[in-house]
Amino acid sequence: MQQMTMLQWGILRPHHVLALVLCVSATEDFDWTKNERTSFYYGTFPTGFSWGVGSSAYQTEGAWNVDGKGISIWDAFSHKKGKIFLNDTADSSCEGYHKFKDDIALMKDMKLNHYRFSISWPRILPTGLKSEKINEKGIKYYSDLINMLLDNKITPIVTLYHWDLPQVLHEKYGGWHNISMVNYFNDFANLCFERFGNRVKYWITFNNPWSIAVEGYETGEHAPGLKLKGTGAYKAAHHIIKAHAKVWHTYDMQWRSKQKGLVGISLTADWGEPVDISNQRDIEAAERYIQFYLGWFATPLFHGDYPQVMKDYIGRKSGQQGLGASRLPVFSPQEKSYIKGTCDFLGLGHFTTRYVTLKNYPSGAGDNYFSDRDLAELVDPQWPDPGSEWLYSVPWGFRRLLNFVKTQYGNPMIYVTENGVSEKMLCTDLCDDWRMKYFKDYINEMLKAIKDGVNVKGYTAWSLLDSFEWDEGFSERFGLYYVDFRSKNKPRYPKASVHYYKRIISSNGFPNQREVESWKRKAVETCSSSNQLLAAARRKSKENQELAGMEQAWSIHDEV
């Protein structure tokens, strides 16, 4: 184990990587002391393993006020100066609303089995309320998208909430801080089941509720930008969990027998590794890190209540503050039984890993979600970090997380629904060798987890396209396809990773060393020509802009 001096403070950021999972209540102990770092494993995935890519509505669709769409909290948030890096907005973004047919052609070329996307709540219900107005143009857009996917033999996996709450519901009720969201969200979900459920068989209620709660209602980094330290995240999460359960029961009672689909949730979690696996306090801190992250949402859905360690720590600190009750809300006995078992699959999000050690935060005025955990997060400075400041490439953490889910939640069936890496570069390079390495190593650790007996059924690369990266604007690019945001038409150019991922898909894994090593060579050859195409398009665009500028200058001169 590296010395503490070899570690530096990590910076906490939101993340992406997800997985679908069958809910069972069994649990066993996870072996924290057994961390095998094994060499690359050559082998293939089980027959029928599903390969896909992901996206979300607000990040890619654009068309923010087109065809009757209402305003979302992210429209409102990004339009406020100083909230987003360089004051970017997703008003047009990738223009996915207008270019979805082109994007499906890209997916078909990759021979994908599934596509994960989200439905914009305010595009279908502009005020958020089913009783006020259903926007049929919004319904038609998603219906056409689903039909075209199925025509191309691509299975739709649909997220109902990927962060874009109708702004009206925030202004009138306070969004996820208000219990009324449970019924409003259920009405929206029910409408989606009614209109699309005959064709959609995989539903995800919420994407990464950790981020919605912590960054939307505690730190204020994300929409709606509230900074309610110590209570904000817990209250929002409590209502999100209840909303998820209600939607699951609605599907179960009204739609399951006819439509025969599945309803789950997508939870994001980094792995937390003890700094010293022989130190019990480090092990407890790492487990606390995971329980406050993944367990916060997974434990109620699998076992009926919050993790005991959350109840203990937040309750104790609330008492030390002199509060009469815990800042962590309580589920009634009826609610516990209503929530338990409400996932046909679990979405598991994962991008990166942290080392974790004990750090005591004395209770006081500064109590918040982060200090409630009594831990410090560290990173190894030798870990590669090509893009986002929070995203270090630590492939072995993925295998550890998958095994943890297996032991904690009774070996559920898993579909990874988000995994990928960003780049943060001023100049453009479509030869993304770091992303090819990230995919190769993380997918290989997932293959090892399957060998360990983890029941992983599919994998979703994040993401199909470069897109609006929340508070980071367009400064971070997760896409397999490069999007030229400076061009009005938002053209897509394949990065080398497109061709590399295609090879993994066509081989269903990693058949042998010689073949796998040839993939990178071939992918780099193709990206060189893509780089030339992009450079030529940029030159032409610049010439056109200069010409337009000259014409404008002459026309102004003529009028003088």
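Just so it is clear, the model here is predicted, and its values are computed rather than measured.

A. Structural context of the packing of helix 9 (residues 232-259) against helix 10 (residues 280-303). The contact between helix 9 and helix 10 brings their axes to 10 Å, and the two run at 35 degrees. The way helix 9 lies across helix 10 gives a crossing that is right-handed. Between helix 9, through Ala233, Tyr234, Ala237, Ile241 and His244, and helix 10, the contact on the second element is made entirely by Phe292, Trp296, Phe297, Pro300 and Leu301. In terms of residue class, the contact of helix 9 with helix 10 is made up of nine nonpolar, one polar and no charged.

B. The arrangement of the nonpolar core in detail. Ranked by internal contacts, the top residues of the largest apolar core, which has 165 residues, are Trp176, Trp203, Leu294, Trp296 and Tyr501. Ranked by the residues each element gives to this core, the list is headed by helix 10, at 13 residues. Ignoring anything within four residues of it in the chain, the contact list for Trp296 reads Trp210, Ala213, Val214, Ala233, Tyr234, Ala237, Ile241, Gln291, Tyr306, Pro307, Met310 and Tyr369.

C. Main features of the pairing of strand 3 (residues 50-54). With respect to burial, strand 3 is a largely interior element, five of its five residues being buried. Side chains Ser50, Gly52 and Gly54 of strand 3 all project onto a buried face; the interleaved residues Trp51 and Val53 project onto the opposite face, where all are buried too. In terms of strand pairing, strand 3 meets strand 13 (residues 456-462) through five bridges, oriented parallel. Its bridge partner lying in strand 13, Ser50 is registered against Gly458. Sheet topology places strand 3 next to strand 4 (residues 114-118); three bridges connect them, and they run parallel. What sits directly across from Val53, in strand 4, is Tyr115.

D. Geometry of the packing of aromatic side chains. Scanning all chains against the criterion turns up 63 aromatic pairs. Centre to centre, the rings of Tyr438 and Tyr442 are 4.0 Å apart; their planes meet at 15 degrees, and the pair counts as stacked. Taken together, the positions of Tyr438 and Tyr442, both in helix 15 (residues 433-451) and four residues apart, correspond to about one turn of that helix. Like Tyr438, the residue Tyr442 is buried in the burial classification. For the cation-ring pair, Arg316 lies above Tyr313, with the distance from its terminal atom to the ring centre recorded as 4.8 Å. Between Lys440 and the ring centre of Phe40, over which it is positioned, the NZ or CZ distance is 4.8 Å.

E. View of the side chain of Gln59. Here Gln59 is to be found in helix 1 (residues 57-60). Judged by relative accessible area, Gln59 falls into the buried class, the value being 0%. For Gln59, the side chain forms a polar contact with the main-chain oxygen of Phe468, separated by 3.1 Å. Non-local contacts of Gln59, meaning those with residues more than four positions away in its chain, are made with Ser93, Cys94, His162, Trp462, Ser467, Phe468, Glu469 and Trp470.

F. Main features of the UniProt feature "active site" (unreviewed entry) in the chain. Using the residue numbers shown here, the UniProt feature "active site" (unreviewed entry) corresponds to Glu418. Relative to the assigned elements, Glu418 resides in strand 12 (residues 414-419).

Calculation rules
Residues numbered from 1 in each chain as written. Predicted model: local features only at pLDDT ≥ 70, side-chain atom pairs only at ≥ 80, totals over all residues. Heavy atoms only, no water. Axes fitted to C-alpha atoms, helices over the stretch in contact; angles between N-to-C directions. Helix = DSSP H or I, 4+ residues; strand = E, 2+ residues; numbered from the N terminus. Left-handed = near helix turned anticlockwise from the far one by under 90°. Contact = heavy atoms within 4.5 Å. Nonpolar A, V, L, I, M, F, W, Y, C, P; charged D, E, K, R; others polar. Core = buried A, V, L, I, M, F, W, Y, C linked by side-chain atoms within 4.5 Å. Buried < 20%, exposed > 50% of the residue type's maximum accessible area, 1.4 Å probe, protein only. Pairing = 2+ DSSP bridges. Phe/Tyr/Trp six-rings, centres within 6.5 Å; stacked < 30°, edge-to-face > 60°. Lys NZ or Arg CZ within 6 Å of the ring centre and 35° of its normal. Polar contact = N/O pair within 3.5 Å; in protein donor to acceptor, adjacent residues only side chain to side chain. UniProt positions renumbered as here; feature names shortened; annotations may be inferred.

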